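Structural description and commentary
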Amino acid sequence: MKLLVIGGGGREHALVWKISQSPRVTKIYCAPGSAAIAELAECVAINPEQIDRLADFAADEKIDLTVVGPELPLTLGIADLFESRGLKIFGPNQAAAQLEGSKAFAKEILRANAIPTAAFGTFTDAAAAKQYLAQQKSPYVIKADGLAAGKGVLICASRQEAEAAIDEILVRKAFGQAGEKVVVEEFLDGEEASFMVLTDGKNVLPLASSQDHKRVFDNDEGPNTGGMGAYSPAPIVTPEVHERILREVLTPLLNGLKQKNIRYRGVVYVGVMITQDGPKVLEFNARFGDPECQPIMMRLKSDLVPLLEATIDGKLHEVIPVWHDEPAVCVVLTANGYPGAYDKGKEIHGLDHLKKWSDGFVFHAGTAKEKDRWLTTGGRVLGVTARGKNIASAVENVYGAVGKISWDGMHYRKDIAQRAIQKVSGFESRVAS
Ligand code: AMP
Ligand code: GLY
């Protein structure tokens, strides 16, 4: 089989790495890919938003299956385009991808199907938004409606701050078109988890659970980022929480989409807050989470390709993925300044020492190669990912590898997976006593 993966970040490196292990696959292309991905696939200089060119490429090269990494091409309708040309593609169509592309759309689906989520109001008018705000309690959560690369959510302690955030989005258009509507939301307290499933529109196949670390600094301090590290499984997703998410979120979600005549095929990523009252939906994404995809691919023992095909063909009931019992942890190394303006072009040292690393793999999110030197090009630069016999040893393996890598201004969180370690050791000590 010939596969095309769309994207070029850490998630796509992990997908290409996993797909390259499939005995079914003879050739992998990646558009645009990266210098690191080029070690496993042939990179093609087409960007994810150039969906017509991608479809032409897939048709010319007789690609058997295209896998979409990022959200943008999905919201542009890449799946509809490929399907109209008889090309097989993994990822939801444009109508279904609104689940991620429009927070207002997602909230309406949640409300209409009585799925637990934060109370909210949606507004196009700043005065109306502020009037609603006046009836809410602090802290206030203000969200731009559209895609804003993880930066469109503002959590404000005071009314003034929240009113300024509304003006920023609706009046000053800080997020451009993504801010034509604003969502004002109740603040949810609890611990977050990422719950991803594959769905063919009828069947739901849960993937391993995971937890991201959104804030840039240790102890969840500083601004939100695309994700500073992740681990899988997430002990907070107990069997009971797992069942509740399937029953209270995914079943009514698919029913609700069906009522709107929307067939969803692909990954549904549910960002959940596990509150005292149970799981509540924070957001949906229409694709694999990044960095969550990295530890999840490392834990997936089965071939990924048949799972992707079963999703497209409506046969998810016929496949059962097998997972490594060992947990996996990913620590993201970022450039100085991220998530704000960040340094670029710094030389990365130490990657050669990890070429034969047996416990894990270094996924590249934002690097380039110049002769034999690796340089930073992105805010998130590397995703150092490893398994271990338990979560503590996976953490030890990962940070051991991180210690070998350096560049001027490199930053990373030192506390990835600490919550999981505490939970698991708390459980072990309860069992032992
Ligand atoms: P979103 O893109 O909607 O997932 O928001 C990004 C991050 O903001 C989430 O992962 C949470 O950490 C935080 N967040 C979003 N909505 C809420 C909420 N209603 N209550 C508390 N935190 C939130
Ligand atoms: N790590 C969160 C996301 O992929 O949206």
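Look up: the structure comes first, before these words.
Let us look at the structure shown here. (Residues numbered from 1 in each chain as written. Chains lettered and ligands numbered in written order. Predicted model: local features only at pLDDT ≥ 70, side-chain atom pairs only at ≥ 80, totals over all residues. Heavy atoms only, no water.)

Describing the overall build of the protein chain
Within the protein chain, the secondary structure is distributed over 13 helices and 23 strands. A compact globule built from 433 residues would reach a C-alpha radius of gyration of about 22 Å, and the protein chain, at 21 Å, matches this within 12%. In terms of overall dimensions, the protein chain has a C-alpha envelope of 60 × 55 × 50 Å along the principal axes. Looking at the protein chain as a whole, 56% of its 433 residues qualify as buried. Within the protein chain, counting contacts between residues at least 6 apart in sequence, those at least 24 apart form 68% of the total. If the 50 positive side-chain charges of the protein chain are averaged to one point and the 54 negative ones to another, these points end up 1 Å apart. (Helix = DSSP H or I, 4+ residues; strand = E, 2+ residues; numbered from the N terminus. Rg over C-alpha atoms; globule rule 2.2 N^0.38 Å. Buried < 20%, exposed > 50% of the residue type's maximum accessible area, 1.4 Å probe, protein only. Contact = heavy atoms within 4.5 Å. Lys, Arg positive; Asp, Glu negative; His and termini not counted. Charge placed at Lys NZ, Arg CZ, Asp CG, Glu CD.)

Side note on the side chain of Thr 311
The topology assignment puts Thr 311 in helix H11 (residues 304-313). Classification of Thr 311 as buried rests on a relative accessible area of 0%. Here the side chain of Thr 311 touches Leu 307 through a polar contact of 2.7 Å, landing on its backbone oxygen. With residues near it in sequence (within four places) discarded, Thr 311 still touches Phe 90, Leu 198, Thr 199, Asp 200, Arg 265, Gly 266 and Leu 316. (Polar contact = N/O pair within 3.5 Å; in protein donor to acceptor, adjacent residues only side chain to side chain.)

Regarding the site of ligand 2
Inspection of the region around ligand 2 gives Asp 212, Lys 214, Gly 226, Tyr 269, Asn 285, Arg 287, Gly 289, Asp 290, Pro 291 and Glu 292 as its neighbouring residues. In the environment of ligand 2, an oxygen atom lies 3.2 Å from a nitrogen or oxygen atom belonging to the side chain of Asn 285. Between a nitrogen atom of ligand 2 and a side-chain N or O atom of Glu 292, the distance comes to 2.9 Å. Across the shell around ligand 2, the residue classes tally to two nonpolar, three polar and five charged. (Near = heavy atom within 4 Å. Nonpolar A, V, L, I, M, F, W, Y, C, P; charged D, E, K, R; others polar.)

Digging into the site of ligand 1
For ligand 1, the set of nearby residues contains 16 residues, the closest of which are Glu 185, Glu 186, Leu 188, Glu 192 and Glu 283. Within the backbone of Glu 186, a nitrogen or oxygen atom sits 2.8 Å from a nitrogen atom of ligand 1. A distance of 3.0 Å is found between an oxygen atom of ligand 1 and a side-chain nitrogen or oxygen belonging to Glu 283. In isolation ligand 1 exposes 470 Å². Once the protein is present, 93% of that is buried. Elements that contribute at least two residues to the shell around ligand 1 include exactly strand S7 (140-144), strand S8 (153-156) and strand S17 (278-285). Its residues placed into classes, the shell around ligand 1 shows eight nonpolar, one polar and seven charged. (Areas by Shrake-Rupley, 256 points an atom, 1.4 Å probe, with all protein chains shown as cover.)

So far we have only geometry, and geometry alone does not tell us how the molecule works.
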